[in-house]
Amino acid sequence: MPRSIAARFHAFRQRRTGSVDLLFAMLARGAGVLLALAANGLIARLLGPEKFGLYMTLLSVALVGGGLAAYGLGPVLIREIAAASSGSWGDVLRSTGAWALRFSAGLSVLVMVLVLAWLALGPGVPTSSWKERILTVSIIPLLAAVILVAGMLSGMSQVARSQSIGTILKNGVLLIGVALLFVFRADRPTDVLLVQVISFGLAVLIALFWIRRSILQPNGFSGIWLLPSIQPEKVRILRRAAGHFFAGSLAALILGRLDVVIVNAIAGPTQAGLFGVGARLGQVAMIAGLVWSAWLQPRIARQLRLGQGAALKRSLRIGIAGSAGMAGILVALGWWFAPKLMLLMGGGFSGAVWPFRWLLLGGFEIGRAHV
């Protein structure tokens, strides 16, 4: 009997911890959205529709490149770390984590070269300076790093911190930087892209600090690039798993990021600016799916390892119902307040109301697909 009571108490503590972590993850995402709205509002007012269209086109290219360089490695890290005991997290990070960082770094270099060549010589490219092109490709490895370190933190069940990297931390630095640009009237896309690079870089550094403090070994990341490779068979398994995760997210990545680039190629930077405002704000509908997905992944990995079939089914039911309900509320609010949101972007963006509304529905479906 005492053993049964202890087991029930342990299960209660796990559910309570999971609920608290989910709550803080939602708060982190919500705060990040507010920071992103404020930052994008200042950027739109600072640049105007045409320059904003160029900026959004270059940023979208960088975000697609970063997603390609991450190659589904984030979910793999979540699975591998979550399946291990907390005492062996350092070993997993120095083996699987080190391999993922090296593999992503190689992909980043390849993607950077391809993007730079396209921006310089390719068809349908936006008119940009070399400074803008260099800053654009600089975002690619930084975004890939953000995805990987977020996966590491999520695998250690630090979902709130994993969600705050690309939301509160990154968008907070972006808002401060853009506010300074607004004060000094630095209205070039180059300046805003530079602030983006700084915001991604600082977010990665803070995340690495959190990871270092979370593992038992104090030197968990020392010499990480000098360690011998893990077993070839293990590498093949990890690459295969990353490929499956990547294939599942590729369509969402292309549909959610390349749309601004296509609009710019067809209709020019001004129309891309109007569409880009709607696209950036429309991503609010994806928040619910992203938060619930980040919360579910480590728990699913752990429940599969322990053979907890009933708990796994319960987690999936809660995740699907919770993400759909929250996303529906966000879409309804965004649809209703669309005209007022566009007024915050400044003059010339009233034409983005209906693109924003339709993109909200698309973001709703993409968010559900993540779960």
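Residues numbered from 1 in each chain as written. Predicted model: local features only at pLDDT ≥ 70, side-chain atom pairs only at ≥ 80, totals over all residues. Heavy atoms only, no water.

**Digging into the confidence of the model for the protein**
- For the protein, mean pLDDT is 81; residues scoring 70 or higher make up 81% of the total.
- By mean pLDDT, helix 12 (residues 353-370) is the weakest element of the protein at 65, and helix 4 (residues 130-155) is the strongest at 95.
- Within the model, the stretch residues 6-16 combines pLDDT values under 50 with zero contacts to residues more than four positions away or in other chains.
- Contacts of residues 223-228 to residues separated by more than four positions or lying in other chains number nine contacts, the stretch itself having pLDDT below 50. (pLDDT = per-residue confidence, 0-100. Helix = DSSP H or I, 4+ residues; strand = E, 2+ residues; numbered from the N terminus. Contact = heavy atoms within 4.5 Å.)

**Some details on the packing of aromatic side chains**
- Under the criterion given, the structure shown has six aromatic pairs.
- Summarising the aromatic geometry, the rings of Tyr-71 and Phe-103 are spaced 5.8 Å apart at their centres and angled 65 degrees between planes, so their arrangement reads as edge-to-face. In this pair, Tyr-71 is assigned in the loop between helix 1 (2-70) and helix 2 (73-82) and Phe-103 in helix 3 (residues 89-121), connecting sequence segments 32 residues apart.
- Of the residues examined, Tyr-71 reaches a relative accessible area of 24% and is grouped as partly exposed.
- Ring centres 4.9 Å apart and planes at 35 degrees place the aromatic pair Tyr-71 and Phe-246 in the tilted group. Linking Tyr-71 in the loop between helix 1 and helix 2 with Phe-246 in helix 7 (residues 232-267), this pair joins segments that are 175 residues apart in sequence.
- Taking the relative accessible area as the measure of exposure, Phe-246 reaches 13% and is therefore buried.
- Taking NZ or CZ as reference, Arg-185 lies 4.8 Å from the ring centre of Phe-182, over its face.
- Positioned above the aromatic ring of Trp-354, the side-chain terminus of Arg-357 is 4.7 Å from the ring centre. (Phe/Tyr/Trp six-rings, centres within 6.5 Å; stacked < 30°, edge-to-face > 60°. Buried < 20%, exposed > 50% of the residue type's maximum accessible area, 1.4 Å probe, protein only. Lys NZ or Arg CZ within 6 Å of the ring centre and 35° of its normal.)

**Digging into the packing of helix 4 against helix 5 (residues 159-183)**
- Running from amino to carboxyl end, helix 4 crosses helix 5 at an angle of 165 degrees, the nearest separation of the two axes being 7 Å. If you check the angle between helix 4 and helix 5, you find them roughly antiparallel. Considering the relative orientation of helix 4 and helix 5, their crossing is right-handed. Of the residues in helix 5, those in contact with Val-146, Val-149, Ala-150, Leu-153 and Ser-154 of helix 4 are Val-159, Arg-161, Ser-162 and Ile-165.
- Considered class by class, the residues forming the contact of helix 4 with helix 5 number six nonpolar, two polar and one charged. (Axes fitted to C-alpha atoms, helices over the stretch in contact; angles between N-to-C directions. Parallel < 35°, antiparallel > 145°, perpendicular 65-115°, else oblique. Left-handed = near helix turned anticlockwise from the far one by under 90°. Nonpolar A, V, L, I, M, F, W, Y, C, P; charged D, E, K, R; others polar.)

**With respect to the environment of Met-342**
- By the secondary structure assignment, Met-342 is in helix 11 (residues 338-344).
- Owing to a relative accessible area of 2%, Met-342 belongs among the buried residues under this scheme.
- Measuring from C-alpha to C-alpha, the distance between Met-342 and Val-277 comes to 8.2 Å, with 65 residues separating the pair along the chain.

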